[in-house]
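Spelled out from the first residue to the last, the chains are:
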Amino acid sequence: MAQSALLNASILKKVAMALSGIFLITFLALHVSLNFISIISKDVFNEASHFMGYNPLIQYVMQPVLAIGVIFHFVMGFVLTAQNTAARPIAYAKYNGAANASWSSRNMIISGLVILAFLGLHFYDFWFPEVNYKYIAGVAPDATRYYDELVHKFHDPIRTGIYCVSFVLLGFHLWHGFGSSLQSMGMHNKYSRFLSKVGYGFAVVVPALFVIIALFHHFNN
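Treat the numbers as computed from the prediction; the structure is a model and nothing was measured.

Criteria and cut-off values
- Residues numbered from 1 in each chain as written.
- Predicted model: local features only at pLDDT ≥ 70, side-chain atom pairs only at ≥ 80, totals over all residues.
- Heavy atoms only, no water.
- Phe/Tyr/Trp six-rings, centres within 6.5 Å; stacked < 30°, edge-to-face > 60°.
- Helix = DSSP H or I, 4+ residues; strand = E, 2+ residues; numbered from the N terminus.
- Lys NZ or Arg CZ within 6 Å of the ring centre and 35° of its normal.
- Bend = angle between axes of the 7 residues up to and from the residue.
- Buried < 20%, exposed > 50% of the residue type's maximum accessible area, 1.4 Å probe, protein only.
- UniProt positions renumbered as here; feature names shortened; annotations may be inferred.
- Contact = heavy atoms within 4.5 Å.

1. Observations regarding the packing of aromatic side chains
Enumeration according to the criterion identifies 10 aromatic pairs in this entry. Pairing F123 with W127 gives two aromatic rings, centres 5.8 Å apart and planes at 50°, and the pair type is tilted. Here F123 pairs with W127, and both are found in helix α6 (residues 108-136), just 4 residues apart, close to one helical turn. A connected cluster of aromatic rings, assembled from ring pairs, spans F118, F154, Y163, F167 and F210. Across the ring face of Y54, the terminal group of K134 is positioned such that the distance to the ring centre comes to 5.0 Å. Sitting over the ring of Y133, R145 keeps its end group 3.8 Å from the ring centre.

Structure below.
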């Protein structure tokens, strides 16, 4: 009975982890779409960013929900990693990780930690200045400032390199995470193969677009 309860609790944790991951994937799709506009049109990017920055629904409902989702996803990741480690207290005599699992699946915690550190840098670069601009300094809204602020962050080649490496690791994280999420939610039907392909495509295209955006603004402005 106790073992069955522990198994059910573990399954629920994995499902919750999967759902939070899919929720964050939708945010990534929105975020990369908005940022990619900066390559196409400075004015449209400024307008879209200003709308996002001052829309009450986005600022006071969606943004807190997103923050909770990010925290929950990383906490559950650490919990499940610790749980899996505790379940195998005795190391195998011989274990060839590369032969049993992909690099991305074996190093989810590493890519996750790098992404977490990257989020700290991203908040430092964009979110904290935004909070200071709007709520501490109380500067009047300026709908033309967003593009120049974005470009300024990518002048530094080191910072640009950090962003690009983080995006590559995000791709590895997504590559394994999407398939794992489908498996955790028990999606084994005629649509699962198609959804897996969509997930793998997302894991390649979205991080690649982020890299393109960073490099574009580094070399062209």
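2. Notes on α6
The sharpest bend along α6 comes to roughly 45°, located at F123. Every buried residue belonging to α6 is among M108, S111, G112, I115, F118, L119, H122, D125, E130, Y133 and K134, and all of these are buried. Looking at the residues trailing α6, positive phi occurs at G138, about 65°.

3. Things to note about the UniProt feature "transmembrane region" (unreviewed entry) in the protein
Taken from the UniProt record, the annotation "transmembrane region" (unreviewed entry) applies to residues 21-40, 60-82, 103-124, 160-178 and 198-219. Between the C-alpha atoms that bound residues 21-40 there is a distance of 29 Å. The span itself is 100% helix and 0% strand. Along residues 160-178, the helical share is 100% and the strand share 0%, with 26 Å between the first and last C-alpha atoms.

4. Some thoughts on the side chain of H122
Mapped onto the secondary structure, H122 falls in helix α6. In contact with H122, other than residues within four places in its own chain, are H31, W127 and Y163.

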